[in-house]
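Close look at the chain arrangement
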Amino acid sequence: MPGLDYFSNNNTAAAAPASVETPETRDGVYYNARLDPKNYLEGPLSSNPATRLRQMLARPGIVVAPGICDGISARCALEAGFDCLYQSGAATTASRLGQPDLAIATMNDFVGAAQMVCSINPSVPVIADADTGFGGPINVARTVTQYAKAGVAGLHIEDQVQTKRCGHLMGKQVVSREEFITRIRAAVLARDAIPGGSDFVIIGRTDSAQVLGMEEAITRLKLAADAGADVCFIEGVKTEELLKSTVAALAPKPVLVNVISGGLTPSFTYQDAERMGAKIIIFSLVSCVAMVHAVRAAMHSLKKTGTDFSSAKGMDPKSFFEVMGLNEVIELDSKAGGSAFQVV
């Protein structure tokens, strides 16, 4: 199948205008006329995932992105009807490496996972965790270009130190405002340097609320927005009132909220988050935590009973492969003139 061109906006369904304007700075605030949200309000949803994400951000309704950790969880999320996915750093580290979210995974680990996830349905936007950008400004820039090439629609860069940890663990440390904004600026410069004009979405994330307080967190996100971040992500917001005040303080910039059961943020529903004014809600660990429970139960059952009959719940191999796209693959083979899978 032909691959999508992620590095240009020549898709006829794209809502962005054909002319590309050079980014500028107005009173110290980044502005790119081509990426103005008003350019994405009308027209059909693009098959380019980054453009589609911008359209979703510009139009009514909250963007709900369940956290996925591998191909199986991505397939299940798409089967359930979700139109945006979130590649969680914690979930990816656990799935690919069997390790906790303590800055153990590398950029290559995340990019490899993203290439696979984005290939399943290339038009569905994937928002991906990019931790701290994996180094200084040049590393951040390389991260953006590698994520964009993988088909990711947008990423978030945070202000933790390089030896970071999950945002819902204690003991976090953050870098200075200046270093954080340097990361955001590097990400924006890298996006704007992609040939053809990229719609790739840059999300600025701060973990400073638990370290330096909410006032500092809001200040950092305002600075990130001024530097060109398209979306603001406040990690670990602890109450409805704090989320509402964050949204109000950052308006009209879209705000992302991360909900993890048992984490620092209450278990808001996506309806709750939309009512509070959030534009994106991610459920980072929804798939991998469910997977731990399900696989644990299956393994204990196998150990106890000597069979996997009960844990299979009637799903035979063909049924499993159908969830993984078996019928689509067979259809493609048949259309191409193949006959290897007439009987499966």
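Residues numbered from 1 in each chain as written. Predicted model: local features only at pLDDT ≥ 70, side-chain atom pairs only at ≥ 80, totals over all residues. Heavy atoms only, no water.

Rules: UniProt positions are given in the numbering used here, feature names are shortened, and annotations may be inferred rather than shown by experiment.
By the naming in an unreviewed UniProt entry, the protein chain is Oxaloacetate acetylhydrolase, taken from Panaeolus cyanescens. Listed under Sequence similarities (unreviewed entry) in UniProt, the entry text for the protein chain is "Belongs to the isocitrate lyase/PEP mutase superfamily."

Focus on unusual backbone geometry
Quick reminder of the rule: Secondary structure elements are taken from DSSP: a helix is a run of H or I of four residues or more, a strand is a run of E of two residues or more, and numbering for both begins at the N terminus. Each residue gets one of three labels from its accessible area relative to the maximum for its type: buried under 20%, exposed over 50%, partly exposed in between, using a 1.4 Å probe on protein chains only.
Omega for the peptide link from A251 to P252 comes to 5°, which places this bond in the cis form. As for its placement among the helices and strands, P252 is situated in the loop between α9 (240-250) and β9 (255-258). One non-glycine residue, F134, lies in positive phi territory at about 65°. Along the polypeptide, F134 turns up in the loop between β5 (126-129) and α5 (137-150). Positive phi outside glycine occurs at K313, with the angle close to 55°. Relative to the elements of secondary structure, K313 occurs in the loop between α12 (309-312) and α13 (317-323). By relative accessible area, K313 is classed as exposed at 76%.

A look at the packing of aromatic side chains
Rules: Any two of the Phe, Tyr and Trp rings considered here, Trp counted by its six-membered ring, make a pair once their centres fall within 6.5 Å; the pair's planes then place it as stacked at under 30 degrees, edge-to-face at over 60, or tilted in between.
This structure, assessed with the given rule, holds 2 aromatic pairs. Aromatic pair F110 and F134: ring centres 5.7 Å apart, planes at 75°, arrangement edge-to-face. Taken together, the residues span a long stretch of sequence, with F110 in helix α4 (residues 107-120) and F134 in the loop between β5 and α5 at a distance of 24 residues.

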